[in-house]
Each structure stands twice: as C-alpha cells, then as structure tokens.
Amino acid sequence: MIPIKIYISFDFEGLGGITQWNDVTKNNKDYKQTYAVKQLKALLEELKEHEITLSDSHAEGNNIPWEITDEFPNVKLISGGIRKYYMMTGIDESFDRMIFFGYHAGVGEKYSTMDHTYSSSSIHNIWINGVEMNETLINAAYGGSFGVPLAMVVGDDKLKKKLNPYFKHLYYVETKSSLGRYSAEFKPMKQLLEEIKSTTKEMIDKNKEYFDVYTFNSPIEMIVEFSDTSKADMVESMPLTERIDGRKVKISNDNYRVIFEALLAITYICGA
C-alpha cells in the first residue's frame, strides 16, 4: 500500500457515549476523555501505514493526550487554542483526503444531541449562499478550497441525514441515534469500534478521485444570525460586515478562505 497524507479534524459531541456538556468539558468530573480515545484509536489502528495530521478541535483543543503518538508514531498532533483556522489548522494542498471525527448536527436540528454550529451560546444560525450550515459543511468547504475531499465522517444520525444531499461518496459511521438535545440511544461499544475499523478499511482503499470536493460558487455570501442583538453589535465593526437586522450580519467575498476566517473571528469576538 502506498502511504497517503490524511487530515483528521477531531470534535467530541458527535461521539458514542456522549449526551451532556459535562461529558465533553475537561475540568468536569464526568469528562469522558477515555470514550473519545477508544473510538479514536479504532480509527487510527487502520491508518498506521499513512501520514496523519490530527487536529484536536474541540473547545480548547486539549482533549487528545500527546501519549497517543507513542502508540501511533505516524500521527502529528495539533493541540491548543486560540489558533488560526482552528478546526482546520494545518490543512493544505498536500493532503489526499479528510476525515471528520466526532462531528455533530448543526444548530436547531430537531432531536439532535448538543446541536450547535461553532458556538453553542452565540450563534443561532449560519447560511452560506442560502444553504443552512453545520460545522461539517463549513470545514469541508475550507478543505475543498485546497482541493482536498471529505472521505469519511464519524458522527450522529442527525448529521448523516443533513449531509446526504451534498456528498455522493462519503463513508459515514453512525455513533448514536440522537433522541433530544441531551439524550441518545447507543449501540454496544464493541459494535461501534468494529464499525469504525471496518468503515476505515473500506474508505482507505478508494482513490482520492472517488470522493467529493465540497466548494461554494463565487460570489460567496455568509449570513450569521446571533442569539441576541449584543453579539451583532460587537461584530458589526468588523471589516466587510453589513448589519442586516437586529441579530443578523452579512459578509460577502469571492474567496471562501476569507469567509471562513471571518466566521472564526466572529466566534472569538463573541466568546464562543
């Protein structure tokens, strides 16, 4: 097998065994780092022959222990925050494909566990070129701006439903059936780990050209609706920003990378 270069963006809320913010908050006694590491190792086991960049992209980016690189020396780990491009730090044209691990449905998705899009407290909705966004689509388009396709997602059932219209060739591992914002039905852990391994094996056998590169046509228009008017007040002073109404701003540009960075800046300004 010829080694390829793979970018993995790690999030937490979409993983099996997770239903509450306490589950994914590092300083909480109920923090379930062991659940995340078990599921992540199932993925990495099948990628030992390849060059991996793993971006810890949940909260402060300090969820994946550095020791994981002892077991998987082919992995470069990106940790910490605040950092430029956050969930997609390090992606460039050299990568063969992307995997989004532990991803979740977007804000407002019915019966979706811990639904949010980049900010659980500040952002009420995001549209890009009229399409209602979630973190998968936002980040896939950033990778797509470098010509890198999204090959595999590990996440909840509600996210899978939202991605179906946009990807013809996407490997998906369903980690749980979301029942509500703080509830879900879980399959046995052993079954989930085996599904992650088997799906990864299938995915890695496909050529890069098999997968979909997700992009937006120019000009690109992003509308962000905030949870309250004070957030729009703060963001309105950003360059390129137009205030639409009390809770919405609009940013337009021909370059998606500008749109992506603007969204990250908005998230930081509003305090995530």
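For the structure, see preceding data.
Structural notes, computed from the coordinates. The structure presented is a predicted model; accordingly, all values stated were derived computationally and were not measured. (Residues numbered from 1 in each chain as written. Predicted model: local features only at pLDDT ≥ 70, side-chain atom pairs only at ≥ 80, totals over all residues. Heavy atoms only, no water.)

1. Focus: the overall build of the protein chain
For the protein chain, the count of helices and strands is seven helices and 13 strands. Taking 272 residues into account, the globule formula puts the C-alpha radius of gyration at 19 Å, and the protein chain, at 18 Å, falls close to it. Expressed along its principal axes, the backbone C-alpha trace of the protein chain runs to roughly 50 × 40 × 35 Å. Residues classed as buried in the protein chain amount to 54% of the 272 residues present. Look at the contacts in the protein chain between residues 6 or more apart in sequence, and 69% of them connect residues 24 or more apart. Total accessible area on the protein chain stands at roughly 11800 Å², and carbon and sulfur atoms take up 48% of it. Computed over 31 positive and 39 negative side-chain charges, the inter-centroid distance for the protein chain is 3 Å. (Helix = DSSP H or I, 4+ residues; strand = E, 2+ residues; numbered from the N terminus. Rg over C-alpha atoms; globule rule 2.2 N^0.38 Å. Buried < 20%, exposed > 50% of the residue type's maximum accessible area, 1.4 Å probe, protein only. Contact = heavy atoms within 4.5 Å. Areas by Shrake-Rupley, 256 points an atom, 1.4 Å probe, with all protein chains shown as cover. Lys, Arg positive; Asp, Glu negative; His and termini not counted. Charge placed at Lys NZ, Arg CZ, Asp CG, Glu CD.)

2. A look at the sheet that holds strand β1 (residues 5–10)
Taken in spatial order, the six strands line up as β3-β2-β1-β4-β7-β8 in an open sheet, and their pairing is parallel. Each edge of the open sheet is held by one strand with a lone partner, namely β3 (75–78) and β8 (171–174). On average, each strand axis in the sheet is inclined to that of its neighbour by 15°, with strand direction left out of account. Here helix α3 (residues 135–144) sits on the sheet in contact with β4 (97–103) and β7 (150–155), set at roughly 160° to β4. With respect to the sheet, helix α5 (residues 189–204) is in contact with β1, β4, β7 and β8, its orientation differing from that of β8 by roughly 180°. (Pairing = 2+ DSSP bridges. Axes fitted to C-alpha atoms, helices over the stretch in contact; angles between N-to-C directions.)

3. As for empty space enclosed by the protein
Inspection of the entire model under this criterion finds one cavity of 30 Å³ or more. The calculated volume of the largest cavity comes to roughly 60 Å³. For the lining of the largest cavity, the residue count by class is three nonpolar, two polar and three charged. (1 Å grid on protein atoms, 1.4 Å probe; cavity = no way out; pocket = protein on both sides within 12 Å on 5 of 7 lines; lining within 4 Å. Points joined across faces, edges and corners; volume = space filled by probe spheres on them. Nonpolar A, V, L, I, M, F, W, Y, C, P; charged D, E, K, R; others polar.)

4. With respect to the sheet that holds strand β12 (residues 241–243)
Spatially, the five strands line up as an open sheet ordered β6-β5-β11-β13-β12, and their pairing is antiparallel. Looking at the sheet topology across the chains shown, the edges are occupied by β6 (131–132) and β12. Bridge analysis of strand β5 (residues 123–128) against strand β11 (residues 220–226) gives five bridges, and the strand direction is antiparallel. Paired with Ile126 across the two strands is Val224, which belongs to β11. Sitting on the sheet, helix α7 (residues 256–269) is in contact with β5, β11 and β13 (248–253), with an inclination near 15° to β11.

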